[in-house]
Amino acid sequence: MSISIFARSGAVNRLALVSRLGLRAYSSNQISLKDRFAELLPQKIDEVKRLRKEKGSTVIGEVVLDQAYGGMRGIKGLVWEGSVLDAEEGIRFRGKTIPEIQKELPKAPGGTEPLPEGLFWLLLTGEVPSEQQVRALSAEFAAHSKLPKYVEDVLDNSPATLHPMAQFSMAVTALEAESTFAKAYERGVNKKEFWLYAYDDSINLLAKLPTIAARIYRNSFKDGVVASINPEADYASNLATQLGFGADAEFLELMRLYLTIHADHEGGNVSAHTTKLVGSALSSPMLSLAAGLNGLAGPLHGRANQEVLEWILELKANLGSDVSEEAIEKYLWETLNAGRVVPGYGHAVLRKTDPRYTAQREFGLSHMPDYDLFKIVSTIYKVAPRVLTQHGKTKNPWPNVDSHSGVLLQYYGLKEQSFYTVLFGVSRAFGVLPQLIIDRALGAPIERPKSFSTEKYAELVGFKL
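The rules behind each value
- Along each chain, the written sequence defines residue order, and numbers are assigned to residues from 1.
- Only residues with pLDDT of at least 70 get local features here, since the model is predicted, and only at 80 or more are side-chain atom pairs given and counted; chain-wide, interface and lining totals rely on the full set of residues.
- Excluded from the side-chain calculation are hydrogens and water; included are all heavy atoms of the structure.
- Elements are defined by DSSP. Helices are runs of H or I of four residues or more, strands are runs of E of two residues or more, and each kind is numbered from the N terminus.
- Buried, partly exposed and exposed residues are distinguished by accessible area as a fraction of the type maximum, computed with a 1.4 Å probe on protein chains only: under 20%, between the cut-offs, and over 50%, respectively.
- Whether two residues are in contact is decided by their heavy atoms, any of which lying within 4.5 Å being enough.
- Method for areas: the Shrake-Rupley scheme with a 1.4 Å probe, in which residue coverage is limited to the protein chains shown.
- Charge assignment in this entry is limited to Lys and Arg as positive and Asp and Glu as negative, and neither His nor the chain termini are counted.
- To locate a charge, take atom NZ for lysine, CZ for arginine, CG for aspartate or CD for glutamate.
- Between the first and last residue of a helix there are one fewer steps than residues, each counted as 1.5 Å, and that sum is the expected span.
- The seven residues ending at a residue and the seven starting there each receive a fitted axis; the angle between those axes is the bend at that residue.
- Counting of polar contacts relies on pairs of N or O atoms within 3.5 Å, with two restrictions inside protein: one atom must be capable of donating a hydrogen and the other of accepting it, and residues adjacent in sequence are counted only when both atoms are side-chain atoms.
- UniProt positions are given in the numbering used here, feature names are shortened, and annotations may be inferred rather than shown by experiment.
- A patch is a set of surface residues, each over 30% in relative accessible area and not in a salt bridge, joined within 9 Å for like charges and within 5 Å for the nonpolar side chains Val, Leu, Ile, Met, Phe, Trp and Tyr.
- Salt bridge criterion: a side-chain nitrogen from Lys or Arg within 4 Å of a carboxyl oxygen from Asp or Glu.
- A score from 0 to 100, pLDDT tells how confident the predictor is in each residue.
- Each pair of aromatic rings taken from Phe, Tyr and Trp, with Trp reduced to its six-membered ring, is defined by centres within 6.5 Å and is described as stacked if the planes are under 30 degrees apart, edge-to-face if over 60, and tilted in the remaining cases.

## Describing the overall build of the protein chain
(1) Moving on: Per the secondary structure count, the protein chain includes 21 helices and two strands.
(2) Moving on: In terms of principal-axis extent, the alpha carbons of the protein chain reach across some 70 × 65 × 45 Å.
(3) Moving on: Counting all 465 residues of the protein chain, 52% fall into the buried class.
(4) Moving on: Here the contacts in the protein chain between residues at least 6 apart in sequence split such that 75% fall between residues at least 24 apart.
(5) Moving on: Of the roughly 21,000 Å² of accessible surface on the protein chain, a fraction of 53% belongs to carbon and sulfur atoms.
(6) Moving on: For the protein chain, the centre of its 52 positive side-chain charges and the centre of its 53 negative side-chain charges are spaced 6 Å apart.

## So, helix H2 (residues 33–55)
(1) Moving on: Helix length check: H2 (23 residues) gives 31 Å between terminal C-alpha atoms against 33 Å at 1.5 Å per residue, within 8%.
(2) Moving on: Within H2, the axis deviates most sharply at leucine 41, by approximately 35°, and proline proline 42 lies no more than four positions further along.
(3) Moving on: Residues Leu33, Asp35, Arg36, Phe37, Ala38, Glu39, Leu40, Leu41, Gln43, Lys44 and Glu47 constitute the buried set of H2.

## Digging into the side chain of serine 220
(1) Moving on: Note on placement: serine 220 falls in helix H10 (residues 194–221).
(2) Moving on: Looking at serine 220, its side chain comes within polar contact range of the side chain of glutamine 167, at 3.3 Å.
(3) Moving on: The contacts of serine 220, once residues within four sequence positions are left out, are Ala160 and Gln167.

## Considerations on the environment of arginine 356
(1) Moving on: Residue position: arginine 356 is located in helix H17 (residues 355–367).
(2) Moving on: For the pair formed by arginine 356 and asparagine 219, sequence separation is 137 residues and the distance between their alpha carbons is 30 Å.
(3) Moving on: For arginine 356, the residues in contact, after removing those within four places along its chain, are Ile98, Ile261, His265, His347, Val401 and Arg428.
(4) Moving on: A distance of 3.3 Å separates the side chain of arginine 356 from the side chain of histidine 265, its partner in a polar contact.

## Looking at the UniProt feature "active site" (unreviewed entry) in the protein chain
(1) Moving on: When the UniProt feature table is mapped onto this chain, "active site" (unreviewed entry) is found at His301, His347 and Asp402. Spatially, the listed residues are clustered: although they cover 102 residues, their C-alpha atoms lie within 10.5 Å of one another.
(2) Moving on: Summarising the element assignment, histidine 347 is placed in the loop between helix H16 (325–337) and H17.
(3) Moving on: Sequence-distant contacts of histidine 347, defined by excluding residues within four places in its chain, comprise Leu85, His265, Arg356, Asn396 and Asn400.
(4) Moving on: Looking at the element boundaries, aspartate 402 is found in helix H19 (residues 402–411).
(5) Moving on: Setting aside chain neighbours within four positions, we find aspartate 402 in contact with His301, Ala304, Asn305, Val308 and Phe424.

## Re helix H8 (residues 164–174)
(1) Moving on: Buried residues dominate H8, accounting for eight of its 11 residues.
(2) Moving on: Residues of H8 that are buried: Pro164, Met165, Gln167, Phe168, Ser169, Ala171, Val172 and Ala174.
(3) Moving on: Residues of H8 that are buried sit in contact with helix H7 (149–156), H10, helix H14 (285–296) and helix H20 (420–442).

## Section: a nonpolar patch on the surface
(1) Moving on: A surface patch of nonpolar side chains, about 720 Å² in accessible area, is lined by Leu65, Tyr69, Phe452, Leu460, Val461, Phe463 and Leu465.
(2) Moving on: Checked against the element boundaries, phenylalanine 463 lands in the segment after helix H21 (454–460).

## Some points on the confidence of the model for the protein chain
(1) Moving on: This prediction gives the protein chain a mean pLDDT of 91; 94% of its residues lie at or above 70.
(2) Moving on: Predicted confidence is poor over residues 1–27, with pLDDT under 50, and the contacts of this stretch with residues over four places away or in other chains come to 60 contacts.

## As for the packing of aromatic side chains
(1) Moving on: What the rule picks out here adds up to 19 aromatic pairs.
(2) Moving on: With a centroid separation of 5.9 Å and 70° between ring planes, the pair formed by phenylalanine 251 and tyrosine 412 is classed as edge-to-face. In this pair, phenylalanine 251 sits in helix H12 (residues 249–261) while tyrosine 412 sits in the loop between H19 and H20, placing the two residues 161 residues apart along the sequence. With respect to burial, phenylalanine 251 and tyrosine 412 carry one shared label: buried.

Printed below as a string of structure tokens:
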């Protein structure tokens, strides 16, 4: 195991903590995630206290007027433990790159891609779990997967024409009735115990997301029949099976990769920040995640993967059999000259090819190198950066994560584009819920940034309106 951000060797009196919380004796291969987080927590609390006491008045950044009017882009103002996004390097999960994650996290027997259960453990503790710990977490998710009847009714009574993301948000909101956090708060539990209930809600919520997602998919596009959870299977395998693709071993591997690399992308994106913001008001993980899913549903965020595929299919229909570099370059210029953007290219932070795109491209090269849509995506990758650079209005001419995911799903027969963001939402829950648990454990306050009117900003910068 790697050493966590939460703990250093010898920093925690484990025996005393185990005795006080009634936890079983520590073993690197046997301790549960909840118990391990409890062990690491005192050191983390101490670190944050010392950091704020000694460096709390240190200036860490400057804000210019354009940032206030430009969506607060780049303002340093959030604490997010799980990942950090570097403009040139890309994402690191607890300091680990995507290739390192693919190499180090436990895998299914005979599999090659990381299990998202392992990423959840890593994001919460900073440690790479053992295979045994991940198997136990898979079993815990499976044990809590059954949906209440009223949630099934919410989904079954939704019109098939209602966008899948709206159905997803409704179902997660409805699970509020199951929230142990909300019930504990009403009882008046000590705030130091908030994280325990946030943890239980997060496990319960994550456990039910595959069945919710599958019920939406099967109701909206298929026969309404959803397979049962296999208590012996891993999370992504159960999701694939419930969707109706469990017989395809390659699709199972794709789901493991997809859920892992889409989970976390710093705290400033809309879905992550919204979940954290709503959680800061001590709303339950259910209500907080539902709010984040509503943000993810926007076309400038998670729904971009749907729009990318729609654009690629439109490109294919317009070009017919001629999908050469020359033909695609001409089509890209026509798209730009018509005042449209090239979907799937550019990123708010990154200034290079998104490592998540690269991971998906490598998967495609291994499993579908001759697929016509994969070849088109590959050709666009050759042409688009040059065109966008010449065009001169895109800060980052390189592809982002949305450029590839839809094509991979199409290859295996999951062709309903409007459902793609639901899969993104299942994955994003693995990234945002650990931070909710950490925030409750550290007693994070409600978020309340200062706002000004245009008149006040003009006064601050000495400008006469």
